[in-house]
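# Structural overview
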Amino acid sequence: MPVVVRNTTKFRGITVSRWFRTAVFCCVSSLSADGFGQESPAQPPAAAEQPASAPEEPARQPTGSQESVSASCLQQVLAEQQLTRTLRELREPLPYPDKNEASRLRRDYTKLLSDGFSNAADTKKVQDYLAWLLLRVTESDFIENPGNIQQMLKDVEADVQRAGGNIGNPANQLTARKKFCAEVLTLCKKLLTNNFDSRVSGVSIIKVLYEVRPVPGGAAAKLYPDALAALLDVLGAKEQPDSVKVFAASALRNVLRNCDVIETEQFRICDAIAVELDRNCTQSAYQQTLLETLFDIRKARKTVGGAEPTAMKSFAAVLNDRSRPIEVRCLAAMGVGRGAFDNQMQLDPLAWKISQLAGDAAVEFNRSPGDPKWPACGASLIFAYRHVTNEEATASLADRKGLLNRSGASAPSKLIAESAPLVKVVGLKLIQNSEQFASDDVRPLAEWIQANKPENLKWDDKAAELSP
């Protein structure tokens, strides 16, 4: 059984989850293969925003989609599974004040939370109450009831929201909020070394340590910088299992979606994700969550340390790697069509590679028709080329979605225009997920791939060339 579970993600206005895959299926499968041209597809229903405090319950891998593990990776996967089991069973509670002491501290804590605190005595009161609030998650009796964790996370987020609320001076309020975030983060770092539930809770808290609160309908929140550093540390830590890292990746996605993240921090996130994607023997669910995080990167190219692409570099590398799980490569293909890009990137080589991927998917589909992974893979291939809303097709060039909308000011390139309907045929068949491909279904695609390979597969001057 895979031990890594995959969180859902949200594009702006679109949730990529099981319900979204179903919505796409209903939308796309209602159209004939010949009728699915340039018309605007039906828009999936808008997803309700989930409060940031809600623990992200990722969808587990369907039992019908078990991953095959190569002999070279088997020992590493087994070690990951064992580490996760060990953390789930770990019972080493950290010391914290008892409930009676916490009750006595509550009134002072609430006042200091709103008014700010600086002297040692007041700081100690805040630290002790927070220790009671957070460190209970290291107790077996506490974590046996999931409602306890849910309530604790809600309480912490509410306290972060209220911190400094009685301070009128913006500079002083910012100082107070930073100090409160620092105290919470200190305890979260302790949680990150304890049991599995403790580590996941720590990550869930860190992602909402806003030093600047969001303004409804206005400015976005700003994450406490040390909190972002802590999430990146979890992602890169060798001692953390991937079953914890997947929550850190999801938390980074939450930060990108809900916070004002400066470009240098976006670059750090991209670099950290690229390192994880380069690791051997990681599971499909984890790779997909990493890729989904990159969909919310907004800066297409680095402005420091070389002008290399950000998210697109990882999307292209994963798309190009034919040894990866097919569903991971399909998601990367959609990233090519929907991720941050600029007009320095040559899209024709990437579109040709997506066409090659569609052929690979058809071959693999015939070995396992009915596998639950195929509808999502088919949707990813289709939306690599297409927009979901009319606004995505008519936005400024840098904000357009879908290769058909990105490749030219007035019309897509010849290669993209020709490959789109061929890939569409495969994508629709994968979404239907029933009958195998007949040779006549894929012969046009195979012949086109053979006849239209670009002479140059270099898609960006600052990125590796694609393989033929």
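Coordinates for the structure precede this section.
Residues numbered from 1 in each chain as written. Predicted model: local features only at pLDDT ≥ 70, side-chain atom pairs only at ≥ 80, totals over all residues. Heavy atoms only, no water.

## Quick look at the overall build of the chain
Counting its secondary structure elements, the chain contains 20 helices and 4 strands. Long-range pairs, those at least 24 residues apart, make up 74% of the contacts in the chain with a sequence separation of at least 6. As displayed, the chain has an accessible area near 20400 Å², and 51% of this comes from carbon and sulfur atoms. (Helix = DSSP H or I, 4+ residues; strand = E, 2+ residues; numbered from the N terminus. Contact = heavy atoms within 4.5 Å. Areas by Shrake-Rupley, 256 points an atom, 1.4 Å probe, with all protein chains shown as cover.)

## Thoughts on the packing of aromatic side chains
Geometrically, a pair of aromatic rings is defined through the distance of the ring centres and the angle of the planes. Throughout the structure, instances matching the rule amount to 5 aromatic pairs. Taking 5.6 Å as the distance between ring centres and 70° as the angle between the ring planes, the aromatic pair formed by Phe365 and Trp374 counts as edge-to-face. For Phe365, a relative accessible area of 0% puts it in the buried group. Its relative accessible area of 0% is what places Trp374 among the buried residues. An aromatic cluster is built from Tyr109, Tyr129 and Trp132, whose rings are joined through pairwise contacts. Here the guanidinium or amino end of Arg136 rests over the ring plane of Trp132, the centre of that ring lying 3.9 Å away. The ring of Trp374 carries Lys373 above its face, with NZ or CZ at 5.0 Å from the centroid. (Phe/Tyr/Trp six-rings, centres within 6.5 Å; stacked < 30°, edge-to-face > 60°. Buried < 20%, exposed > 50% of the residue type's maximum accessible area, 1.4 Å probe, protein only. Lys NZ or Arg CZ within 6 Å of the ring centre and 35° of its normal.)

## What to know about the packing of helix α14 (residues 326-338) against helix α16 (residues 374-385)
The geometry of α14 relative to α16 is characterised by a closest axis approach of 7 Å and an angle of 25° between their N-to-C directions. Looking at the two axes, α14 sits roughly parallel to α16. As α14 packs across α16, the resulting crossing turns out to be left-handed. Residues Ile326, Glu327, Cys330, Leu331, Ala333, Met334, Gly337 and Arg338 of α14 pack against Trp374, Cys377, Ala379, Ser380, Leu381, Phe383 and Ala384 of α16. (Axes fitted to C-alpha atoms, helices over the stretch in contact; angles between N-to-C directions. Parallel < 35°, antiparallel > 145°, perpendicular 65-115°, else oblique. Left-handed = near helix turned anticlockwise from the far one by under 90°.)

## Side note on the side chain of Gln266
Along the chain, Gln266 turns up in helix α11 (residues 263-278). By relative accessible area, which is 2% here, Gln266 ends up buried. Not counting residues within four places of it along the chain, the set of residues in contact with Gln266 comprises Leu256, Val261, Ile297, Arg298 and Lys299.

## Here's the deal with the environment of Leu445
With respect to the element layout, Leu445 can be found in helix α20 (residues 439-451). For Leu445, a relative accessible area of 3% translates into the label buried. Distance in space between the C-alpha atoms of Leu445 and Ser355 is 7.5 Å, their sequence separation being 90 residues. Not counting residues within four places of it along the chain, the set of residues in contact with Leu445 comprises Ser355, Ala358, Gly359, Leu422 and Val426.

## Structural notes on helix α15 (residues 347-365)
Between its first and last C-alpha atoms α15 spans 26 Å; for 19 residues at 1.5 Å apiece the expected length is 27 Å, and the two agree. Counting buried residues along α15, 16 of its 19 residues qualify, which places the element largely inside the surrounding structure. (Expected span 1.5 Å × (residues − 1).)

## Regarding helix α19 (residues 414-432)
Taking 1.5 Å per residue, 19 residues should reach 27 Å; α19 reaches 28 Å between its end C-alpha atoms and fits that length. Largest kink in α19: about 25°, centred on Ala420, with the proline Pro421 one to four residues after it. In the stretch just after α19, Asn433 is the one whose phi turns positive, near 55°. (Bend = angle between axes of the 7 residues up to and from the residue.)

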